[in-house]
Amino acid sequence: MLSGERKEGGSPRFGKLHLPVGLWINSPRKQLAKLGRRWPSAASVKSSSSDTGSRSSEPLLPPPPHVELRRVGAVKAAGGASGSRAKRISQLFRGSGTGTTGSGSAGGPGTPGAAQRWASEKKLPELAAGVAPEPPLATRATAPPGVLKIFGAGLASGANYKSVLATARSTARELVAEALERYGLAGSPGSGPGDSSCVDAFALCDALGRAAAGAGNGEWRAEHLRVLGDSERPLLVQELWRARPGWARRFELRGREEARRLEQEAFGAADGEGTGAPSWRPQKNRSRAASGGAALASPGPGSGSGPPAGSGGKERSENLSLRRSVSELSLQGRRRRQQERRQQALSMAPGAADAQIGSADPGDFDQLTQCLIQAPSNHPYFLLLQGYQDAQDFVVYVMTREQHVFGRGGNSSGRGGSPAPYVDTFLNAPDILPRHCTVRAGPEPPAMVRPSRGAPVTHNGCLLLREAELHPGDLLGMGEHFLFMYKDPRTGGSGPARPPWLPARPGATPPGPGWAFSCRLCGRGLQERGEALAAYLDGREPVLRFRPREEEALLGEIVRAAAAGAGDLPPLGPATLLALCVQHSARELELGHLPRLLGRLARLIKEAVWEKIKEIGDRQPENHPEGVPEVPLTPEAVSVELRPLMLWMANTTELLSFVQEKVMEMEKEADQEDPQLCSDLELCDEAMALLDEVIMCTFQQSVYYLTKTLYSTLPALLDSNPFTAGAELPGPGAELGAMPPGLRPTLGVFQAALELTSQCELHPDLVSQTFGYLFFFSNASLLNSLMERGQGRPFYQWSRAVQIRTNLDLVLDWLQGAGLGDIATEFFRKLSMAVNLLCVPRTSLLKASWSSLRTDHPTLTPAQLHHLLSHYQLGPGRGPPPAWDPPPAERDAVDTGDIFESFSSHPPLILPLGSSRLRLTGPVTDDALHRELRRLRRLLWDLEQQELPANHRHGPPVVTPP
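Calculation notes
- Residues numbered from 1 in each chain as written.
- Predicted model: local features only at pLDDT ≥ 70, side-chain atom pairs only at ≥ 80, totals over all residues.
- Heavy atoms only, no water.
- Helix = DSSP H or I, 4+ residues; strand = E, 2+ residues; numbered from the N terminus.
- Buried < 20%, exposed > 50% of the residue type's maximum accessible area, 1.4 Å probe, protein only.
- Pairing = 2+ DSSP bridges.
- Expected span 1.5 Å × (residues − 1).
- Polar contact = N/O pair within 3.5 Å; in protein donor to acceptor, adjacent residues only side chain to side chain.
- Salt bridge = Lys/Arg side-chain N within 4 Å of Asp/Glu carboxyl O.
- Axes fitted to C-alpha atoms, helices over the stretch in contact; angles between N-to-C directions.
- Parallel < 35°, antiparallel > 145°, perpendicular 65-115°, else oblique.
- Left-handed = near helix turned anticlockwise from the far one by under 90°.
- Contact = heavy atoms within 4.5 Å.
- Nonpolar A, V, L, I, M, F, W, Y, C, P; charged D, E, K, R; others polar.
- Core = buried A, V, L, I, M, F, W, Y, C linked by side-chain atoms within 4.5 Å.
- Phe/Tyr/Trp six-rings, centres within 6.5 Å; stacked < 30°, edge-to-face > 60°.
- Lys NZ or Arg CZ within 6 Å of the ring centre and 35° of its normal.

Participant: Sorry, what's going on with unusual backbone geometry here?
Facilitator: Pro445 connects to Pro446 through a cis peptide bond whose omega is 0°. Residue placement: Pro446 occurs in the loop between strand 11 (437-440) and strand 12 (447-451). Phi at Asn460 takes a positive value of approximately 55°, unusual for a residue other than glycine. You can see Asn460 is positioned in the loop between strand 13 (457-459) and strand 14 (462-463). Given the relative accessible area of 18%, Asn460 is considered buried. Not every positive phi belongs to a glycine, and Glu761 is a case in point at roughly 55°.

Here it is, written out as C-alpha cells:
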C-alpha cells in the first residue's frame, strides 16, 4: 500500500521495495464554496443611511426596561382593530404629560384595540405609566449618552451641524435647547435649556432625503420632512425607524413656522405621488401592514386624550397616525379624492338611490371603496380563495418585489437571538411557519415557488417538497387554511388555457411513469392505472422512484450487486443507478433527505471497497512462509485482481462529480434563511469526503500491485541485449510479440494496465495519473539500480550504455504508439539523461569539463553526475581527468548529496474537476442496464406490496398487447 499508515485488517505492502510513503490528494471538493456560509437577512443588515453616521462609536442604549417590543394580548376581531403585523413599526405617539387610563383612542389602554397593538405603538407617557415622574433634566440620573448630530439648516455660517449629547430618554425639546445653545442662539446664559424663550420658535425635524446626483461632496437634498413633537425621543425614533436602501435621514433644526410649512408641502406632494411616496411618512387615515390588516381607530372627540394646551397640540393631533405600507398602496390605491368614485361606490350599495353623499359617514365611503378592488396590471399577485380570518384577510396580495416571502407575523427572533426573518405577506394561521414559502417572479416566466423546510405547501393539489415552476392560474395552498391563485398580468394571457388542477378529460394520456405513484390517479379507472404502472416498471426512461422507507434496501441491493459482479452491467452501470437514486431524492423528496441519502450511500461504497481490498490482501500476502518462494505476479493475474478495485474507482469518480453538481444546485436553490441549511451542507461535505477516500484508496491499491509486478521486470532493461543474432529491431507501433524478449514483461504490465483502465472506463484524468505514477516508479527504480551497479563492478562503459539506450528507446516508441508518449517522455527524463551521458564517446567525454557536463545534463544532481564520472571505465589503471573534478562551490553538494532517487516525491493525486460523464437523459439504450433497472423497480414494488394486508396484495401488472 502506498500510504504511510495501514488500517485494521491489513493489506499487502511491498516489503523491501522503494515504495512511496504516501499519496497526496487535492480534491475538487475543496474548491467548493464554504458550505456553511449564510447570507444575513434583510432585517439583520444595518442601514447605511446618515443616521448611523450621526452616532459615536459607542452603541446606542436599548429602550427603557418598561418598553416591551412584544405582542400584548391575543388577536381579536371585534372593534375593527388591526391584527398583529410583525414588520410594522408605528410612529411614537405623543400625549399629555399625564396619561389617562380611560382613553378611548386607538391603542389606548381603555380600548379593545389596545390588546391587539404592539407595545411600541403606545404613547410615550403611557409607556412610562407606573414609573415615578422624571426629575428635571439637570437632576436626572444620566445614562451613558450618545452623540447626535443636529444640522442647523443655515442657522449659523460656517457650521454644518452641531453635536449634542443625548440619551434614550432625551426629548426633542431638550435637544432643541441644547442645540440652540451650541449655535449661540439661546436666551440668557443663566437660563436652563427648557426655559429659553427661543425654544418655542424652533422645532426639531426628522428629514428624509438623499445626496443630490452630480452634486459635489454628496450635497444633501431633503425630500420629506416631519416635525418631532416636544415630548418625542429622537434616539428612540432613530432606532425604531430605519430609512430604506438608497435613502438617508438626519435631524434638522428649523424655525417652527418654516418647518410646519415644509411638512405640509411634503405631505401634499406625497399624496399626489401615490405609490411613489416613502413608506414611513405619516398619514391621517388608517394603515395596514405589509400583507394587510383592519384599520386602527383614530382618536375621536370623546376619546379623553385630546391635544394639550400650547403650541404642541396641533402637532400631536397630526402625528397620531401610522406609516403607510407598500401593501396598502398596492391594494387600496391612491387617496380617493374625487367625488365621482364615492358616488360610484354608493350606487352599488343597497339603498344607494336614497342616500345623500353629504350626510354619509366618511367611514362608509372608505369601506365601500375597498370593495372595488382592481387587480394591478404590471405586478404579479395572489388571489385569495380561502383564508383564516375573514376580518383580517385581503382578497389580493401583490408582489412588489421580485422575491416574495409568505410567513407568520410575530416578533420572535431566530436562533441565537438573531432578528426574525423578513416577510412580505403575513399569514396568521397557527400552522404557518415564520418563513413559510418563497416565490420568485422575474421579468421572464416562469415564476418559481420554493417551500421552506417543514412547511406544508401544496401546488395544484399535490404536496410540494422542492422548488417548482409556478404558472398563472396555478393553485398554491399554505397550511390547512390558505389557498391562493397565482396571476401574472405581464404574461398577457399566455398561461395554459386549461388549468392543470382540473381533473383530466376522459381518455387523456397519462402524464408519465411517475403518474402511477402520485395522487393524480384520482378519477382513473383500474385498468388505466394498471397500464400506467406496467409502463413504468418496464419503461426505458432513466427514472427510479422510491419511498424513503425503501431507500436502505434499494441502495444496499445496488452496491451488493456491483460488489459481487453479478450480471453483465456496463462498467459505469452501478454509478448510473446510484445517480438515479440521488436525482430522485434531489427532485422529489423533502429538502433534508438528500444529505442523509448521500451519507448512507458513501458508507455502503466504502464498506464494499474495504472488503474487496482485504480479499486481495489475503490472496497476496506481504510475508510468505519460510521456505516457500514468492511467486511473482503476472500481468494477467494482476489484471484480474485489480478489476473490481478499478471499477469502483471509475464509478466513484463519476458519482462524486454528479453529487458535487447536485449539492451545488441545492446550495444555490436553498433558502438562505433556513436554519438547517448549514447542517445539511456539512452532511453532504462528509459524504463527499468519504467518496474522496474511496477513490484515493482504490488508486493506492491499484498502483501498488502494478508497481509490485513491474519491479521484477524492470532489471531486464539494463541487462538484456536488444542486438541478438539475426534479430531486427522493431519500428514504432510494433506489436508486443515483435519486441525483444527482455522488454516484453515490462511492456506486458503497461499493456495490461492500459486495457484494464479502458475496460473499466476510468476517467481520462485518472488514466493519465495512473501511468504517470507507473512511469515515475520505473524511472526511479531503474536510475537507482543504475547508480548501485556502478559501485561494485565495471558497468559504466560505452557498449553497455548503447544497449540500455536502445532498450529505453524501444520502450518509449511502444508507449508513443499506445498514446502515452508525452507522459513517458516527461517521467523518464532523468534516466534518459544519465544513459545519454554514458553513451558519449570516450574521446569526447575526456575533452569535456565539469561545467560543460553540468550544462548538458541539468536534471542530474551534482552527486549523481560525480558518481557516474568517477566510476566511468576509461581503461586499465586510468582514472578520471582533473577536468571532471567539481569546483569548491559544489564540493559540499557532491559529498552530502544522495545519488538515489526518492520515491516520496511522486506527483499528487488530483481528482477530475468537471461535469459527470453519466448519461441520465433520454431512454436507456443498454439492454443490460435496462434489465437491472427493471429488476430494481420490481423489487421496490414487492417491498411496497409486503406492507399491505395479504388479501390486498397482487403481482405487478403486465402491459396488454395492442
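Okay, back to it.
Participant: Teacher, can you tell me more about the sheet that holds strand 10 (residues 425-426) here?
Facilitator: The pairing of strands in a sheet comes from backbone hydrogen bonds and takes either a parallel or an antiparallel form. Here 5 strands make up an open sheet; going across it, the order is 10-9-11-12-15 and the pairing mixed. A single partner strand is all that each edge strand has here, and the edge strands are strand 10 and strand 15 (468-470). Bridge analysis of strand 9 (residues 403-407) against strand 11 gives 4 bridges, and the strand direction is antiparallel. The residue bridging Phe406 from the neighbouring strand is Cys437, located in strand 11.

Participant: For this particular structure, what's the right way to read helix 26 (residues 927-946)?
Facilitator: In an α-helix, one turn spans 3.6 residues; hence positions three or four apart end up facing the same way. Taking 1.5 Å per residue as the helical rise, helix 26 with its 20 residues ought to reach 28 Å, and the 29 Å between its terminal C-alpha atoms agrees with that figure. Every buried residue of helix 26 is accounted for by Ala928, Leu929, His930, Glu932, Leu933, Leu936, Arg937, Leu940, Trp941 and Gln945. At the N-terminal end of helix 26, a side-chain oxygen is found 3.0 Å from the backbone nitrogen of Ala928, two or three residues along, and the residue is Asp926.

Participant: How do you make sense of the pattern of salt bridges when you look at a structure like this?
Facilitator: Within this structure, the stated rule accounts for 37 salt bridges. Where Arg250 meets Glu252, a salt bridge forms, and the shortest distance between an N and an O atom there is 3.1 Å. Here Arg250 matches Glu252 in class, with each residue buried. Ionic pairing is found between Arg254 and Glu258, a salt bridge with its closest N-O pair at 3.1 Å. Judged by its relative accessible area of 33%, Glu258 falls in the partly exposed class. Overlapping salt bridges, with partners in common, bring together Arg173, Asp200, Asp230 and Arg256 in one network.

Participant: Help me understand the packing of helix 17 (residues 744-759) against helix 19 (residues 798-817), please; the structure alone is not making it clear to me.
Facilitator: When two helices pack together, their arrangement is given by the angle between the helix axes and by the axis-to-axis distance. Running from N to C, helix 17 and helix 19 cross one another at 20°; their axes reach a closest spacing of 11 Å. Judged by the angle between their axes, helix 17 and helix 19 are roughly parallel. Of the two elements, helix 17 crosses helix 19, and the hand of that crossing is right-handed. Within the contact between the two elements, helix 17 uses Leu747, Phe750 and Gln751 and helix 19 uses Val811, Trp814 and Leu815. Looking at side-chain class alone, the contact of helix 17 with helix 19 contains 5 nonpolar, 1 polar and no charged residues.

Participant: Even after reading the chapter, I still don't get the nonpolar core, so can you show me in this structure?
Facilitator: Nonpolar side chains tend to gather and get buried jointly when the protein is soluble and globular. Residues Leu598, Ile605 and Leu786 are the most contacted members of the largest nonpolar core, which totals 127 residues. The element contributing the most residues to this core is helix 15 (residues 677-711), with 15 residues. Setting aside residues no more than four positions away along its own chain, Leu598 makes contact with Val582, Val659, Val663, Cys684 and Ala687. In this structure, Phe382, Cys437, Met478 and Phe482 belong to the second largest nonpolar core, which totals 24 residues.

Participant: Help me understand the environment of Ala563, please; the structure alone is not making it clear to me.
Facilitator: Here Ala563 lies in helix 11 (residues 551-564). For Ala563, a relative accessible area of 27% translates into the label partly exposed. Those residues in contact with Ala563 that lie beyond four places of it in its chain are Ala608, Lys612 and Trp648.

Participant: When you look at the environment of Cys205 in this model, what are you seeing that I'm missing?
Facilitator: With respect to the element layout, Cys205 can be found in strand 4 (residues 202-211). Excluding residues that lie within four positions of it along the chain, Cys205 makes contacts with Leu225, Arg226, Val227, Arg250, Phe251, Glu252, Arg254 and Ala259.

Participant: Hey, could you run me through the packing of aromatic side chains in this one?
Facilitator: Geometrically, a pair of aromatic rings is defined through the distance of the ring centres and the angle of the planes. Within the structure shown, the criterion is met by 15 aromatic pairs. Centroid distance Phe394 to Tyr397: 6.5 Å. Interplanar angle 80°. Geometry classified as edge-to-face. Assessed through its relative accessible area of 12%, Phe394 is described here as buried. A residue is classified by how much of its surface remains accessible, and Tyr397, at 2% relative accessible area, is buried. Just above the ring of Tyr183 sits the side chain of Lys162; from NZ or CZ to the centre is 5.8 Å. The side chain of Arg937 reaches across the aromatic face of Tyr536, ending 4.8 Å from its centre.

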